[in-house]
2 protein chains.
Amino acid sequence: MARTIIIDAFGGDNAPLSVLQGARMAIDEYGVQVILTGNEDSMRAVADANKISLEGMRLVHTERTIPVEAEPVSLLKEYEGCSMSRAFQLLAEGEGDAVVSAGSTGALVVGGTFLIKRLPGIKRVALATQIPCVGGSFLLLDSGANHDCRPEMLQQFGIMGAAYMEQVAGVKEPRVGLVNIGSEETKGTDLYVQAHQLLAASPISFVGNVEAREVPLGACDVAVADGFTGNVMLKLTEGVAKFFSGELKEIFQSSTAGKLGYLAVRGKVAQFKKKMDATEYGGAPLLGTRKPVIKAHGNSNGKAMKNAIRQAVLMCDNDVIAKTQAALEEYKHRTKEAPQH
Amino acid sequence: MARTIIIDAFGGDNAPLSVLQGARMAIDEYGVQVILTGNEDSMRAVADANKISLEGMRLVHTERTIPVEAEPVSLLKEYEGCSMSRAFQLLAEGEGDAVVSAGSTGALVVGGTFLIKRLPGIKRVALATQIPCVGGSFLLLDSGANHDCRPEMLQQFGIMGAAYMEQVAGVKEPRVGLVNIGSEETKGTDLYVQAHQLLAASPISFVGNVEAREVPLGACDVAVADGFTGNVMLKLTEGVAKFFSGELKEIFQSSTAGKLGYLAVRGKVAQFKKKMDATEYGGAPLLGTRKPVIKAHGNSNGKAMKNAIRQAVLMCDNDVIAKTQAALEEYKHRTKEAPQH
């Protein structure tokens, strides 16, 4: 069945051009249909100037766009009717199957929570980011939606993350780890000690606490953390990667043989860069909403937007949300049956 | 003046051999005197077997060593009189100028806090780790002593870290940054919002919030964080570095030209590895104690122990503790004079 993906055409640094490019590629490659929200005249002018055919795209006009620095909750008030909120409204009304936006994370969390609504029992929606590691990639959540978390929230992040990795990334029985400062279950703050207990009692393959050193080495498929710690981890990984790449480049540029050696392996270096490249993964799903919402990177180019759309399609085709809900129900059911200590 | 450094000879994975080796090198290179605490027979046997001269070393016998997995506070009770606590007692009694140990961080924090005591007004001692970055290195604190922090603790970490980087690392007017999830002063949890205000009012060069992405790129000389976040950052940096090194090695081993190119630049690669090598920095000072205490890495070899001893000497020679105290006094004084809003 052809999916209809609704895209906030004015979210992100390169909007609307990158959105139009990504939508064009996705329509041609995946046979999806696309609804774009935002200023129609502007979209038509940019498409025209860049010779992008609008075939297969439905344009829904809005006057305004929420600025990235606006208070997230203003999406529901002074920015009600902007390109992002219009995208959410269309999804809520059943005009499409998923929303993709490269706009403000905070506003996206507000829209997902209040316009699409959370799954029954879900305390908070979480931002889940796929990050390369030894042997493939892991899903880090929450990577920035919630600074202050309670133990049950971390537990739900683990259950939702496992369902996503199984259904979208095709990982069988994903190993869920709790990011912590030591492997013993008594380590860390009260939040982490309690979250450990709840995760251990959940219907997932919980591998216990994982130290941050082990996460890039492939210790787990799903790394659970509060949104402050997760956001620091996501950004630090980017920073260390950039620091290393710079040093590496300098080293190999420093001699002729080094340059030649680098030339010989540049194909593989490019492969590695591709692996480390955020645009390859496309975007970060917001998990816990009743319908799929994908946050694309703020500086997404056309390819990144295309990949974010592909992720949205995968979430629909694999019924990730129904399966997440089933896993949450199973936990509730199991807990009810278990004797209370 | 020749310094006397007291070393817990039975802390760390490679004790007492690495401690004896490091002490020997430090005595020969820096002209320090060393007191070693621990089982005397065992020290003499290991020195003998490895042909390490004990000249310039005073051995102080203790029966026991605190295991790394013991409750930290047991240093004061069932492990009172062990090699680590004996080292602290000798320092407290004025038998030497500083303590170095590669033993358990938790026990070291307990010993520093209760046997050496904190500087007047200091809420908590912090573990400060020097980490390589673009342009040199930055000091991360707290990197693991305190999981739960209050805003005034983060403020004191910033003041103590600035004094250390200025006096020991020779950085003029060190730039102090608060690790956070956004640059705006309203970002992050309440802890971070309040810490931002306190740091901004402190007698240091506060550069505001720094995102974790910017820290390895050289955004600050002192990165302030709570001990949970700091420990995650420290370990994640190690993990990402290891992940990258592995990928890099594989890439260059994959072709003959790659191998040759690698050969050509291996000197520079070794330099970079040296820069990334924790043993070069030696150890992490515990800041906030009345006398210098250095935590050496648990898997320290002889060179790392030597460098940890050098750090201890630098802390003494540059009077870091008196200068830290002066900075703290200046802040108190300034705050008293300032009109209260």
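Scroll up to find the structure.
Please read these numbers as outputs of a predicted model, since none were measured by experiment.

Peer 1: How do you make sense of the sheet that holds strand S3 (residues 57-61) of chain A when you look at a structure like this?
Peer 2: Hydrogen bonds between backbone groups are what pair the strands of a sheet, and the pairing can be parallel or antiparallel. All names here are of chain A. The 11 strands are arranged S3-S2-S1-S4-S11-S10-S5-S6-S9-S7-S8 in an open sheet whose pairing can be described as mixed. Of all the strands in the sheet, the pair left with one neighbour each is S3 and strand S8 (205-211). Within this sheet the neighbouring strands show an average axis-to-axis angle of 25 degrees, counted without direction. Together, strand S1 (4-8), strand S2 (33-38) and S3 form the strand contacts of helix H1 (residues 17-30), whose direction differs from that of S2 by roughly 170 degrees. Lying over the sheet, helix H5 (residues 151-167) contacts strand S5 (126-133), strand S6 (136-141), strand S7 (175-180), strand S9 (222-224) and strand S10 (283-287), oriented at roughly 145 degrees with respect to S6.

Peer 1: What is the right way to look at the relation of the copies chain A and chain B in this model?
Peer 2: Note: a rotation about an axis with an accompanying shift along it relates these two copies of the chain. You can overlay chain A on chain B at an RMSD of 0.1 Å; the transform is a turn of 180 degrees with a shift of 0.0 Å along its axis. Read as a symmetry element, the transformation amounts to a two-fold axis. For chain A, the minimum C-alpha distance to the rotation axis belongs to Gly-261 of chain A and amounts to 1.8 Å. By residue overlap, the copies meet face to face through one surface: 100% of the interface positions of chain A are interface positions in chain B.

Peer 1: How should I be thinking about helix H7 (residues 227-253) of chain A in this particular structure?
Peer 2: Because each turn of an α-helix spans 3.6 residues, side chains separated by three or four positions in sequence point in the same direction. All names here are of chain A. The terminal C-alpha atoms of H7 lie 39 Å apart, and with 27 residues this matches the ideal 39 Å at 1.5 Å per residue to within 8%. For H7, the buried fraction is high: 19 of the 27 residues fall into the buried class. At the N-terminal end of H7, a side-chain oxygen is found 3.0 Å from the backbone nitrogen of Phe-228, two or three residues along, and the residue is Asp-226.

Peer 1: What am I meant to see in the nonpolar core here?
Peer 2: Across soluble globular proteins, nonpolar side chains have a tendency to be buried as a group. Ile-7 and Leu-36 of chain A together with Ile-7 and Leu-36 of chain B are the most contacted members of the largest nonpolar core, which has 178 residues in total. When residues no more than four places from it in sequence are discounted, the contact partners of Leu-36 of chain B are Ile-7, Ala-9, Val-19, Leu-20, Ala-23, Met-43, Met-57, Arg-58, Leu-59 and Val-60 of chain B. In terms of nonpolar packing, the next biggest core, distinct from the first, is built from 25 residues, Leu-91, Val-99, Leu-286 and Val-293 of chain A among them.

Peer 1: It is not clear to me how the environment of Ala-126 of chain A should be interpreted in this structure. Could you clarify?
Peer 2: By the secondary structure assignment, Ala-126 of chain A is in strand S5. Apart from the residues lying within four places of it in its own chain, the contact partners of Ala-126 of chain A are Leu-141, Asp-142, Ala-145, Asn-146, Phe-157, Met-160, Pro-285, Leu-286 and Leu-287 of chain A.

Peer 1: Help me understand the side chain of Asn-231 of chain A, please; the structure alone is not making it clear to me.
Peer 2: Looking at the element boundaries, Asn-231 of chain A is found in helix H7. Sequence-distant contacts of Asn-231 of chain A, that is, excluding residues within four places in its chain, are made with Asp-142, Ser-143 and Gly-144 of chain A together with Ile-181 of chain B.

Peer 1: For this particular structure, what's the right way to read the pattern of salt bridges?
Peer 2: It is possible for side chains bearing opposite charge to pair when their charged atoms get close. All names here are of chain A. Under the defined criterion, the tally for this structure stands at 18 salt bridges over all chains. With a closest N to O distance of 3.3 Å, Glu-29 and Lys-306 form a salt bridge. Of this pair, Glu-29 sits in helix H1 while Lys-306 sits in helix H10 (residues 302-317), placing them 277 residues apart in sequence. Its relative accessible area of 48% is what places Glu-29 among the partly exposed residues. Notably, a salt bridge pairs Glu-40 with Arg-44, separated by 3.0 Å at the nearest N-O pair. Remark: Arg-44 and Glu-40 occur in helix H2 (residues 40-49); sequence separation between them is 4 residues, near one turn of the helix. Residue classification places Glu-40 among the partly exposed positions, given a relative accessible area of 23%. The class of Arg-44 is partly exposed, set by a relative accessible area of 44%.

Peer 1: Hey, could you run me through the interface of chain A and chain B in this one?
Peer 2: Interface extent is often summarised as the accessible area lost during association of the parts. Across the contact, 48 residues belong to chain A and 48 residues belong to chain B. Applying the counting rule to chain A against chain B returns 4 salt bridges. The shortest N-O distance in the salt bridge between Lys-235 of chain B and Glu-211 of chain A comes to 2.3 Å. Put simply, chain A and chain B have 6 residue pairs in polar contact (both at pLDDT 80 or more) between them. Elements with a minimum of two residues in the side of chain A that touches chain B: S5, S7, H7 and helix H8 (256-276) of chain A.

Analysis parameters
- Residues numbered from 1 in each chain as written.
- Chains lettered and ligands numbered in written order.
- Predicted model: local features only at pLDDT ≥ 70, side-chain atom pairs only at ≥ 80, totals over all residues.
- Heavy atoms only, no water.
- Pairing = 2+ DSSP bridges.
- Helix = DSSP H or I, 4+ residues; strand = E, 2+ residues; numbered from the N terminus.
- Axes fitted to C-alpha atoms, helices over the stretch in contact; angles between N-to-C directions.
- Contact = heavy atoms within 4.5 Å.
- Least-squares fit on C-alpha atoms with pLDDT ≥ 70 in both.
- Expected span 1.5 Å × (residues − 1).
- Buried < 20%, exposed > 50% of the residue type's maximum accessible area, 1.4 Å probe, protein only.
- Polar contact = N/O pair within 3.5 Å; in protein donor to acceptor, adjacent residues only side chain to side chain.
- Core = buried A, V, L, I, M, F, W, Y, C linked by side-chain atoms within 4.5 Å.
- Salt bridge = Lys/Arg side-chain N within 4 Å of Asp/Glu carboxyl O.

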